[in-house]
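For reference, the chains in residue letters:
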Amino acid sequence: MIYVSGSNGLIGKELVKNIDNYIPISYRDKVPEIDFLPRSILVHLSSSTTPRNSFEDLEKSFQSDVLIPFKIFQNYLKTNPNGKIIFLKKILINKIEAH
């Protein structure tokens, strides 16, 4: 079984088109209750949708981007101590032109 956090995001939507059997993981403000299956894979794609707003509410950003995922990983590793966690990130790079 493959678990995917962020399956509704830009990368996630494309990824799950190619996966027949997956379970989406969704969270905002609290750790979701997930009963991970043994020998499963966790693909982590979730993060703040607007990083530039992260500085406005640092505590909330830390909670959703660090603490909650960390607790999900801990929960996953209890069932799958040798399991695979795959991280993917989308990075926007602004082109800087020399003058």
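Residues numbered from 1 in each chain as written. Predicted model: local features only at pLDDT ≥ 70, side-chain atom pairs only at ≥ 80, totals over all residues. Heavy atoms only, no water.

### Some remarks on the pattern of salt bridges
Note the threshold: Throughout this description, the term salt bridge denotes a Lys or Arg side-chain nitrogen within 4 Å of a carboxyl oxygen of Asp or Glu. Working definition: with a 1.4 Å probe on protein chains only, accessible area under 20% of the residue-type maximum means buried, over 50% means exposed, and in between means partly exposed.
Taken as a whole and assessed by the stated rule, the structure comprises one salt bridge. Its salt-bridge partner being Lys17, residue Glu14 comes within 3.0 Å of it at the nearest N-O pair. On the accessibility criterion, Glu14 (46% relative accessible area) is partly exposed.

### Considerations on the side chain of Ser5
Operational definition: Counting from the N terminus, the helices are the DSSP runs of H or I reaching at least four residues and the strands are the DSSP runs of E reaching at least two. Should any heavy atoms of two residues lie within 4.5 Å, those residues are considered in contact.
Note on placement: Ser5 falls in strand β1 (residues 2-5). Those residues within four positions of Ser5 in sequence are excluded, and the remaining contacts are Ile25, Tyr27, Val43, His44, Leu45 and Ser46.

### Notes on the nonpolar core
Condition: Residues enter a nonpolar core if they are buried and are Ala, Val, Leu, Ile, Met, Phe, Trp, Tyr or Cys, with the set joined through side-chain atoms within 4.5 Å.
By size, the foremost hydrophobic cluster in this structure holds 10 residues: Tyr3, Ile25, Tyr27, Ile34, Phe36, Leu42, Ile68, Ile72, Phe73 and Tyr76. For this core, the element with the highest residue contribution is helix α2 (residues 58-79), accounting for four residues. Once residues lying within four places of it in the same chain are set aside, the contact partners of Tyr3 are Ile23, Ile25, Ile34, Asp35, Phe36, Leu37, Ser40, Ile41, Leu42 and Val43.

### Quick notes on the packing of aromatic side chains
The line we're drawing: Two aromatic rings from Phe, Tyr or Trp, using only the six-membered ring of Trp, form a pair when their centres are within 6.5 Å; if the ring planes differ by under 30 degrees the pair is stacked, by over 60 it is edge-to-face, and anything between is tilted.
Summed over the entire model, instances satisfying the criterion amount to three aromatic pairs. Taking 4.7 Å as the distance between ring centres and 70° as the angle between the ring planes, the aromatic pair formed by Tyr3 and Phe36 counts as edge-to-face. With Tyr3 in strand β1 and Phe36 in the loop between β2 (22-25) and β3 (41-44), this pair connects stretches of sequence that are 33 residues apart. Taking relative accessible area as the criterion, Tyr3 reaches 2% and is therefore assigned buried. For Phe36, a relative accessible area of 6% gives the class buried. Considering the side-chain rings of Phe36 and Tyr76, the 5.2 Å spacing of their centres and the 85° angle between planes classify their relative orientation as edge-to-face. On the criterion of sequence distance, the pair formed by Phe36 in the loop between β2 and β3 and Tyr76 in helix α2 is long-range, its members being 40 residues apart. The two residues Phe36 and Tyr76 agree in class, both being buried. An aromatic cluster of three or more residues is present, and its members are Tyr3, Phe36 and Tyr76.

### Concerning the environment of Ile85
If you trace the backbone, Ile85 turns up in strand β4 (residues 84-87). A relative accessible area of 23% places Ile85 in the partly exposed class. For the pair formed by Ile85 and Phe73, sequence separation is 12 residues and the distance between their alpha carbons is 7.9 Å. For Ile85, the residues in contact, after removing those within four places along its chain, are Leu42, Phe73, Tyr76 and Leu77.

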